[in-house]
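Report on the structure
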Amino acid sequence: MLRCHSLRGRLGRRLFSTSFSRKDGIAVSSVHETEADGVGQFGLRGLHRPSDWSKISSKCIEQCDALVTKCSTGSTVSPIVLQHLDELSDTLCRVVDCAELCRNVHPDPDFRSAADYAFSDVGAYMQGLNAHAALYDALVKLEASDHELSAEERIMSASLRKDFEQGGIGLGTADRGTVVALNSRMHELGSQFTQNLQQNTLKEISFHPEALKPLPSVLIKSLKRSSSDPGKVIIPMLPSAVSTVMQWVSNPTVRRKIYEASVCHPNTEVLKQLLNVREELASALSFENYLSISLRDRASTESPMRFLESLAKEVEKKARQEVRILKSLKSEAEGAGSGVHIYPWDRSYYMAQAKAKLSEPLDGSSLCEYFSLSSCVEGMGMLVKSLFGIDLLECEASENELWHPDVKKVLILGHMHP
């Protein structure tokens, strides 16, 4: 099936470079070269305001339609079909990947919402291509032809053909339509899940500063004051804020209120629907379950469960010891009998307390010089170079490319071996 990483991810690099132009040493997809108003946010040409996402997704689909036509209507069988498919995948993924990033990190909710719609539109289009009979036929004809394909071309062709087949291309028209609809529904539910999480972070809950002890006073002073009660400060439901409260605040009532407010209840129903759709998809494709689809050609469905059971057995004794420690600390802090249960809002706080008691006290300020942003980025660069042979080089961003002053642009250079 056509999906992001199916082509580039499997082969580790682009098969063809002729479909790209080079500009300032950076590969720029042709889908963006036609935009007249310059490189915008996330490196996408034309992305300067939320409404531009609609234009970009429409242009992406328009160019993909042209590539599909080239692949499926040519009378001559040629390896150029693979080049068109590669460009098709890249054109889709460049928009989908940027939309995915934008809808998760952009500070402007209008940008996030517009990116989410673009992600859904292009994603739904991609699901339709997964059941495109003419694309599949073009691959089959190429493999059956007399053309000599390179090793990489054979890998690519066989991989795509197998993905099409395991995606239901061999089903009848009606059943194939069902598979496309189920895949699209999964895509929609994934988008809904993300939207719900983003909406949940907009919630706020206020407390008197005394209730937030022992949070550092400088941190409490940095919090916004409640407009309805200036004597209270506001805790936003951002993951970083919730995590800080859970680890620092000793008041169990405050921790419980923060925990309950941070839980995204609508996503419980979304997950239930997603599990049902996955089960329907597995049945439609004649798989035992969705796990069988995910693990095809990689491992048996029993392998993950064996691994988890083995891991659970290895850590069970240690885990029980740690739970006893948490319960003991809770009893000391909240009174006898309170340590019978460790609730979700207790775990982070008492884990932090346990670590503080079991470890030698450290002066946090003495560690700061070792964990500055520049030091951490440099350390990460050393790690990925050692593991993957990849260099991370900070480079200057084009005008309007960044969506926040704190964002840095990094050029990734890989050392390919022939």
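So, how was this worked out
Residues numbered from 1 in each chain as written. Predicted model: local features only at pLDDT ≥ 70, side-chain atom pairs only at ≥ 80, totals over all residues. Heavy atoms only, no water. Helix = DSSP H or I, 4+ residues; strand = E, 2+ residues; numbered from the N terminus. Buried < 20%, exposed > 50% of the residue type's maximum accessible area, 1.4 Å probe, protein only. Contact = heavy atoms within 4.5 Å. Areas by Shrake-Rupley, 256 points an atom, 1.4 Å probe, with all protein chains shown as cover. Core = buried A, V, L, I, M, F, W, Y, C linked by side-chain atoms within 4.5 Å. Phe/Tyr/Trp six-rings, centres within 6.5 Å; stacked < 30°, edge-to-face > 60°. Lys NZ or Arg CZ within 6 Å of the ring centre and 35° of its normal. Patch = residues over 30% accessible without salt bridge, like charges linked within 9 Å, V, L, I, M, F, W, Y side chains within 5 Å. Salt bridge = Lys/Arg side-chain N within 4 Å of Asp/Glu carboxyl O. pLDDT = per-residue confidence, 0-100. Pairing = 2+ DSSP bridges.

**Thoughts on the overall build of the chain**
A tally of helices and strands in the chain yields 17 helices and 6 strands. Counting across all 418 residues of the chain, residues that qualify as buried make up 35%. For the chain, the share of sequence-separated contacts (at least 6 apart) that also reach a separation of at least 24 residues comes to 66%. Element-wise, carbon and sulfur atoms account for 56% of the exposed surface of the chain, whose accessible area totals about 24500 Å².

**Regarding the nonpolar core**
Leu47, Trp53, Leu85, Leu88, Leu92, Leu129 and Leu135 are the most contacted members of the largest nonpolar core, which has 39 residues in total. Counting only elements with at least two residues in this core, the list comes to helix H3 (52-73), helix H4 (80-105), helix H5 (109-129), helix H6 (133-144) and helix H7 (151-166). With 10 residues, the single largest contributor to this core is H4. Counting 18 residues, the second-largest nonpolar core is a separate cluster that includes Ile220, Ile235, Ala241 and Val242.

**Focus on the packing of aromatic side chains**
Evaluation of the coordinates by the stated rule reveals 5 aromatic pairs. Measuring from ring centre to ring centre gives 6.2 Å for Tyr136 and Phe164, while their planes differ by 65°; the resulting arrangement is edge-to-face. On the criterion of sequence distance, the pair formed by Tyr136 in helix H6 and Phe164 in helix H7 is long-range, its members being 28 residues apart. Here Tyr136 falls in the buried class, since its relative accessible area comes to 17%. Judged by its relative accessible area of 0%, Phe164 is buried. Both rings, one in Tyr259 and one in Trp345, keep their centres 5.8 Å apart while their planes meet at 55°; by these two values the pair is tilted. Of this pair, Tyr259 sits in helix H11 (residues 252-262) while Trp345 sits in helix H15 (residues 344-358), and the two are 86 residues apart along the sequence. Judged by its relative accessible area of 11%, Trp345 falls in the buried class. The structure contains a cluster of three or more aromatic residues connected by ring pairs, namely Tyr259, Tyr343 and Trp345. Stacked on the ring of Phe119, the Lys or Arg Arg103 has its end atom at 3.9 Å from the ring centre.

**Here we look at the environment of Leu295**
In this fold, Leu295 is placed in the loop between helix H13 (290-294) and helix H14 (302-334). Beyond its immediate chain neighbours, meaning those up to four positions away, Leu295 contacts Ser300, Thr301 and Pro304.

**Comments concerning a nonpolar patch on the surface**
Together, Met305, Phe307, Leu308, Leu311 and Val315 give the surface a local cluster of nonpolar side chains, amounting to about 480 Å² of exposed area. Structurally, Leu308 can be placed in helix H14. You can call Leu308 partly exposed: its relative accessible area is 47%.

**Quick look at the environment of Phe111**
With respect to the secondary-structure elements, Phe111 resides in helix H5. Residue class for Phe111 comes out buried when judged on its relative accessible area of 5%. Separated by 60 residues in the primary sequence, Phe111 and Ser51 have C-alpha atoms spaced 8.1 Å apart. With near-sequence residues (within four places) excluded, Phe111 lies in contact with Gln41, Leu47, His48, Arg49, Pro50, Trp53, Cys102 and His106.

**Thoughts on the confidence of the model for the chain**
Averaged over every residue, the pLDDT of the chain is 83; the share at 70 or more is 87%. Between residues 5-36, whose pLDDT stays under 50, and residues either more than four places distant or in other chains, the model counts 74 contacts.

**Details of the pairing of strand S3 (residues 204-207)**
Alternating positions in S3 separate cleanly, Ile205 and Phe207 being buried on one face and Glu204 and Ser206 remaining unburied on the opposite face. Pairing geometry for S3 and strand S4 (residues 233-236), over 4 bridges, is antiparallel. Residue pairing across strands places Phe207 opposite Val233, the latter belonging to S4.

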